[in-house]
Amino acid sequence: MKRPPLLRAWRERLRSSRWRLWAALLLLVVSLLVVLVFLAAEYEESRDQTALEQDAAALGSDIRSSLVRNVQTLQSLHSVAPTADSWIGPAAELIAQHREMVRLEWLDSSQRMLAFRDSPYVPDLFGYLGRDQALPEVRLACDHAKRLSGPAYSSSYFWPLRSGKGLELIEMCLPVARGGLPSGFLVVTYSLPGMLSELTNRDLLRGRGLAFNEADGTRLALHSVVTGTRRTLTARHVLDLPGHTLLLQLQSPRLVRGLFPNVLTAVVGALSLALLSVLFLLARDIRRRQRAELDVAEALAFRKAMEDSLVTGLRARDMQGRITYVNPAFCDMVGLSAEQLVGTGLPAPWWPPELVDEYQQRQMVRLAGQVLPREGYESVFQRPDGTRFPVLIIEAPLIDAQGKQTGFMSAILDLTEQRRVEDLNRTSQERLQATARLATVGEMASLLSHELNQPLAAIASYASGTLNLLEEPAGQVASADEMQADLVQAMRRIGEQADRAGRVIKSVADFVRRREQVREVVTPQSLVDAIQPLLGLQAKKQGIRLQIHIAADCPPVLCDRTMVEQVLLNLARNGMQAMPQGDPAPRSGLRVLRIEVGQARLHSGHAPGGQPQKMWVSFAVTDHGLGLSPEVQAKLFTPFFTTRAEGMGLGLSLCRTVIEQHGGVLTHEPHQPRGTVFRFTLPVSMATRPPLSSRP
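Below, the structure is looked at part by part. Everything quoted here is computed from the prediction, not taken from an experiment. (Residues numbered from 1 in each chain as written. Predicted model: local features only at pLDDT ≥ 70, side-chain atom pairs only at ≥ 80, totals over all residues. Heavy atoms only, no water.)

Bringing the overall build of the protein chain into the picture now. The number of helices and strands found in the protein chain is 16 helices and 22 strands. With 696 residues in all, the protein chain has 37% of them scored as buried. Accessible surface computed for the protein chain: about 40400 Å², of which carbon and sulfur atoms make up 57%. (Helix = DSSP H or I, 4+ residues; strand = E, 2+ residues; numbered from the N terminus. Buried < 20%, exposed > 50% of the residue type's maximum accessible area, 1.4 Å probe, protein only. Areas by Shrake-Rupley, 256 points an atom, 1.4 Å probe, with all protein chains shown as cover.)

In structure tokens form, the structure reads like this:
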């Protein structure tokens, strides 16, 4: 079959290089025109989107400003209406002026209703369901407002009406005060549709749609919608209120505009640079590709070198439990080569034989998709020669570029050396505590030898007087009744002094008696009472007044009673020794040692995983000595460092060790006008911690 002459001529022209070049240029011009049209449309859409986002931000700012003005209006309302009867009238006028408010309530400090007013525009709001159904939201908002000392909002909730419809509502709680004293809360129930219609600029909403949405796109309240089937632009603005966050969504129809007026000029300029641009882009793309390949090769080499240099074992497994990768550290750890490990499944060759069933069950649970503990878990591995060693395994899911899990990645740490160091540290700490205890006993023995002389001398004096009374000649003896009364009084005094000596000895014996370090629930009062007799003796000897203050609401602590008593006694004795005789002078009123116990602030914020926060009890020992110089502060907790000739320098080091073993901290700070405050914390017993409030 012959081709038409016109088609044959066209094919011949295309075979020539000139026509091929013109065809390429024509195709390039058409492509440029398409690109320019596309860029023009994208520019117009981007400009409209930017303007829409600015309008959404302006609407959010309007709503936020209106809510702030409402708070100010409510505060002024509370200041002019001191009683519930006088409050009703202004509240009714206020709620009639603000259609976004559907209910206004005045609660006392215990969140009991004092007065309320419903909106006249939403009749029978709580006729279908009682107001008590929304009280949990009110309580949460008021609790948050009390913590913030300002207005707080609850999360939004849907409230059904008797007509079968409903409203999306949100509660705002404002703590109010009169005369500087809290006088309760003002609670405003806002309608989300009312907020959209009453608190926004109507000029910005012409032909546009406005709504409140959840973060997942669920619509909460709608004010207006975009009519027609044209494409729409959407802008979202986060309305961050104290206690809750709303998502404001603004929609606008996309305007169809013409092309730029200078498209032809742009085409003429683009044609002159088209060929050079294509060549330049091609060369740049080739250079980028080469650079990217080089970067990938360097990154792979760096990752390989890093993995080979790690002392932490790395192991990758697929979803069936087969090993797909191990690093040299893991091979050295288990005593097997990578060729022996890659491709093997369960049971693993490093599992001890008697633990295979337990480990098999544990691995099946993990491979079944259970949540992996981020803190890891401990296990025991066995080498081919039979030696066993403890390890810490931390696992995480392997996610590919498409977001699909392809297996598990494990990091394995050999804990052999760590366990050995922990044993050495534990032994050293026990020896240090024993040495410090002996040093404390030696220092206290000298104190006892002096303090026991007084009751013993009194006993000897009363006994001598009794013997003299019994040996008096008959002519000098008074009546039998008087003699018996004197003897009874002397024997009573002897008994009192003996009891006093016994209490001193018992308090020291109870303290220095070595016991097992068992944590128990102890009240702070009992800790202070245990050392108070010993402190009273030394304070009386040095002319120091002892002041003890324990907060009434101070909860019990969980601690080793003996070691904490030793810490308290050591800090108190150091405080007394910092105030030698005559410094400060007795007339100055500063020869005082003060022990204060109270509940401390939290050391950290919310714990992860929804766990309760730690609560602490603070013990503070304050003296009025000369304070600590910077040189002494730098070495204060160093073992065997002391500023006293007779001291051993172990007291404060032991104190800090004991407190840190309990999870607390021991700190010191200057005290005004002079002196030093030593403060340490102990954890509150779990059995006495108050439960955290939770949303129903």
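Picking up where we left off.
Applying the stated criterion across every chain yields a total of 1 disulfide. Here Cys142 connects covalently by a disulfide to Cys173, the sulfurs 2.3 Å from one another. Between Cys142 and Cys173 the sulfur-sulfur dihedral comes to about 100 degrees; the bridge is accordingly right-handed. Note that Cys142 is positioned in helix H4 (residues 135-148) and Cys173 in strand E5 (residues 166-178), a separation of 31 residues in sequence. (Disulfide = S-S within 2.5 Å.)

To continue, consider the pairing of strand E2 (residues 113-118). Summarising the sheet, strand E1 (residues 101-107) and E2 pair through 5 bridges and their orientation is antiparallel. Residue pairing across strands places Trp106 opposite Ala115, the latter belonging to E2. (Pairing = 2+ DSSP bridges.)

For the rest of this paragraph, the subject is empty space enclosed by the protein. Gaps left between atoms show up when a probe the size of a water molecule is rolled over them. Taken as a whole, this structure holds 2 cavities of 30 Å³ or more when the rule is applied. Approximately 110 Å³ is the volume attributed to the largest cavity. Around the largest cavity, the lining comprises 18 residues; the ones closest to its centre are Arg315, Arg317, Ala348, Trp350 and Trp351. The residue makeup of the lining of the largest cavity, split by class, is 10 nonpolar, 5 polar and 3 charged. (1 Å grid on protein atoms, 1.4 Å probe; cavity = no way out; pocket = protein on both sides within 12 Å on 5 of 7 lines; lining within 4 Å. Points joined across faces, edges and corners; volume = space filled by probe spheres on them. Nonpolar A, V, L, I, M, F, W, Y, C, P; charged D, E, K, R; others polar.)

Our next topic: the packing of helix H14 (residues 561-577) against helix H16 (residues 651-661). Packing of H14 against H16 leaves a shortest axis separation of 10 Å and a crossing angle of 140 degrees. As H14 packs across H16, the resulting crossing turns out to be left-handed. Contact with H14, carried on its side by Met563, Gln566, Val567, Asn570, Leu571 and Asn574, involves Gly651, Leu652, Leu654, Cys655, Val658 and Ile659 of H16 and no other residues of that element. For the contact of H14 with H16, the per-class residue count stands at 8 nonpolar, 4 polar and no charged. (Axes fitted to C-alpha atoms, helices over the stretch in contact; angles between N-to-C directions. Left-handed = near helix turned anticlockwise from the far one by under 90°. Contact = heavy atoms within 4.5 Å.)

Turning our attention to H4. If you check H4, its first and last C-alpha atoms are 20 Å apart, about what 14 residues at 1.5 Å a residue would give, namely 20 Å. When we look at burial in H4, the residues that qualify are Glu137, Val138, Ala141, Cys142 and Ala145. Down the axis, H4 shows its buried residues gathered within 125 degrees of arc, on one side only. Away from the buried face of H4 by more than 90 degrees, exposed residues Lys146 and Arg147 are located. Check the buried side of H4 and you find it contacts E1, strand E3 (152-153), strand E4 (157-160), E5 and strand E6 (181-191). Phi turns positive one or two residues past the end of H4, at Ser149, with a value near 60 degrees. (Expected span 1.5 Å × (residues − 1). Arc of directions from axis to C-beta.)

This part takes up H14. The end-to-end C-alpha distance of H14 is 24 Å, a good match for the 24 Å that 17 residues give at a rise of 1.5 Å each. For H14, a buried count of 14 out of 17 residues is recorded, marking the element as mostly surrounded by other parts of the structure.

Tracing the backbone shows Gly675 in the loop between strand E21 (666-670) and strand E22 (676-683). Between the alpha carbons of Gly675 and Met579 there is a distance of 9.0 Å; along the sequence they are 96 residues apart. Filtering out sequence-adjacent residues up to four positions away, Gly675 remains in contact with Asp623, His624, Gly625, Gly627 and Pro670.

Going from Gln672 to Pro673, the amide bond is cis rather than trans, its omega being 5 degrees. Among the secondary structure elements, Pro673 is positioned in the loop between E21 and E22. A positive phi angle is found at Gln111, which is not glycine, with a value near 65 degrees. Phi at Ser149 is positive, roughly 60 degrees, even though this residue is not glycine.

As a further point, take a nonpolar patch on the surface. A contiguous nonpolar surface patch, about 290 Å² in accessible area, is contributed by Phe302, Met306 and Leu310. Along the chain, Leu310 falls in the loop between helix H6 (263-309) and strand E11 (313-318). When its relative accessible area of 33% is taken as the criterion, Leu310 is described as partly exposed. (Patch = residues over 30% accessible without salt bridge, like charges linked within 9 Å, V, L, I, M, F, W, Y side chains within 5 Å. Salt bridge = Lys/Arg side-chain N within 4 Å of Asp/Glu carboxyl O.)

This part is about the sheet that holds strand E9 (residues 232-241). Taking strand neighbours across the sheet as the criterion, the 4 strands line up as E8-E7-E10-E9 in an open arrangement whose pairing is antiparallel. Pairing within the sheet leaves two strands with one partner each, and these edge strands are strand E8 (219-224) and E9. Strand-to-strand twist of the sheet, defined as the mean angle between neighbouring strand axes without regard to direction, takes the value 20 degrees.

Bringing the sheet that holds E22 into the picture now. Strand order in the open sheet made by the 5 strands is E17-E19-E20-E22-E21, with mixed pairing throughout. Sheet topology places strand E17 (545-550) and E21 at the edges, where each strand pairs with a single neighbour. Shown here is a sheet whose adjacent strand axes are inclined to one another by a mean of 15 degrees, direction ignored. Where strand E19 (residues 592-600) meets strand E20 (residues 616-622), 7 bridges bridge the pair, whose relative direction is antiparallel. If you follow Ala600 over to E20, its bridge partner there is Trp616. Along the sheet, H14 contacts E17, E19, E20, E21 and E22; its crossing angle with E22, the most-contacted strand, is approximately 175 degrees.

This part takes up the pattern of salt bridges. This model, assessed by the stated rule, comprises 15 salt bridges. Between Arg208 and Asp55 there is a salt bridge, and its shortest N-O distance comes to 2.6 Å. Here the residue Arg208 occupies a position in the loop between helix H5 (192-198) and strand E7 (209-213), and Asp55 occupies one in helix H2 (residues 17-80), the gap between them amounting to 153 residues. Residue Asp55 is classed as buried on the basis of its relative accessible area, which comes to 17%.

The interhelical angle for the contact between helix H13 (residues 524-542) and H14, taken along N-to-C directions, is 25 degrees, at an axis separation of 10 Å. What the angle tells us is that H13 and H14 run roughly parallel. Relative to H14, the crossing made by H13 is right-handed. Where H13 abuts H14, its residues Ser526, Leu527, Val528, Ala530, Ile531, Leu534, Leu535, Gln538, Ala539 and Gln542 lie against Arg561, Val564, Glu565, Leu568, Leu569, Ala572, Arg573, Met576 and Gln577. Here the residues of the contact of H13 with H14 sort into 12 nonpolar, 4 polar and 3 charged. (Parallel < 35°, antiparallel > 145°, perpendicular 65-115°, else oblique.)

We now examine the packing of aromatic side chains. Applying the stated criterion across every chain, the model contains 7 aromatic pairs. Note on Trp350 and Phe381: the rings are 5.7 Å apart at their centroids and 50 degrees apart in plane angle, and the pair reads as tilted. With a gap of 31 residues between them, Trp350 in the loop between helix H8 (338-341) and helix H9 (356-367) and Phe381 in strand E13 (residues 377-382) connect regions that are remote in the sequence. These aromatic residues form a ring-pair network of at least three members: Phe330, Trp350, Phe381 and Phe389. Lying across the ring of Tyr121, Arg99 places its NZ or CZ 4.0 Å from the centre. (Phe/Tyr/Trp six-rings, centres within 6.5 Å; stacked < 30°, edge-to-face > 60°. Lys NZ or Arg CZ within 6 Å of the ring centre and 35° of its normal.)

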